[in-house]
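Each chain, written out:
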Amino acid sequence: MRQGAIIGPGSKILGAIEIGQGAKVGGGSVVVKNVPAFTCVFGNPAQVVGRHTHLPALTFDQSLPAIDYIL
């Protein structure tokens, strides 16, 4: 996990996965591949749902961007 990244509660990181700088992993997500820097991932398996430009762990910003689909 790189600087400024945040991982939501109940998330599972499976394998040798790198969580990029400033990335956000939504709660309950299952991460099976590397997460690029400054992206938000969510779901099972985790998929990119948005991008941002700040370090959420330093500002404690746990919000996810609006999702344009319903599961």
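Here, every reference points to the structure presented above.
A few points on the structure. Predicted model only: the values in this text are computed from it and were never measured. (Residues numbered from 1 in each chain as written. Predicted model: local features only at pLDDT ≥ 70, side-chain atom pairs only at ≥ 80, totals over all residues. Heavy atoms only, no water.)

1. Concerning a nonpolar patch on the surface
Formally: Residues enter patches when their relative accessible area tops 30% and they take part in no salt bridge; the joining distance is 9 Å for like charges and 5 Å for the nonpolar side chains Val, Leu, Ile, Met, Phe, Trp and Tyr. All accessibility values rest on the Shrake-Rupley procedure with a 1.4 Å probe; residue burial counts only the protein chains present in the view. Definition used for salt bridges: Asp or Glu carboxyl oxygen within 4 Å of a side-chain nitrogen of Lys or Arg. Each helix corresponds to a stretch of at least 4 residues labelled H or I by DSSP, and each strand to a stretch of at least 2 residues labelled E; elements are numbered beginning at the N terminus.
Together, Met1, Ile7 and Ile13 line one region of the surface with nonpolar side chains, adding up to about 270 Å² of accessible area. Summarising the element assignment, methionine 1 is placed in the segment before strand 1 (6-7).

2. Focus on the sheet that holds strand 5 (residues 39-42)
The strands making up a sheet associate through backbone hydrogen bonding, with each pair oriented either parallel or antiparallel. To be explicit about the condition: Strands were regarded as paired on the criterion that DSSP finds at least two bridges between them.
With respect to topology, four strands assemble into an open sheet ordered 1-3-5-6, the strand pairing being mixed. Of all the strands in the sheet, just strand 1 and strand 6 (47-51) have a single pairing partner and so form its edges. The pairing of strand 3 (residues 24-25) with strand 5 spans two bridges and is parallel. Note on strand 5: the bridge partner recorded for valine 25 is valine 41.

3. Some thoughts on the pattern of salt bridges
Put simply, the test is: Three labels apply to residues, based on accessible area from a 1.4 Å probe with only protein chains included: buried if under 20% of the type maximum, exposed if over 50%, partly exposed otherwise in between.
Evaluation of the coordinates by the stated rule reveals one salt bridge. Glutamate 18 is the salt-bridge partner of arginine 2, the closest N and O atoms lying 3.0 Å from each other. Taken as a pair, arginine 2 in the segment before strand 1 and glutamate 18 in the loop between strand 2 (12-13) and strand 3 lie far apart in primary sequence, 16 residues in all. Classification of arginine 2 as partly exposed rests on a relative accessible area of 46%.

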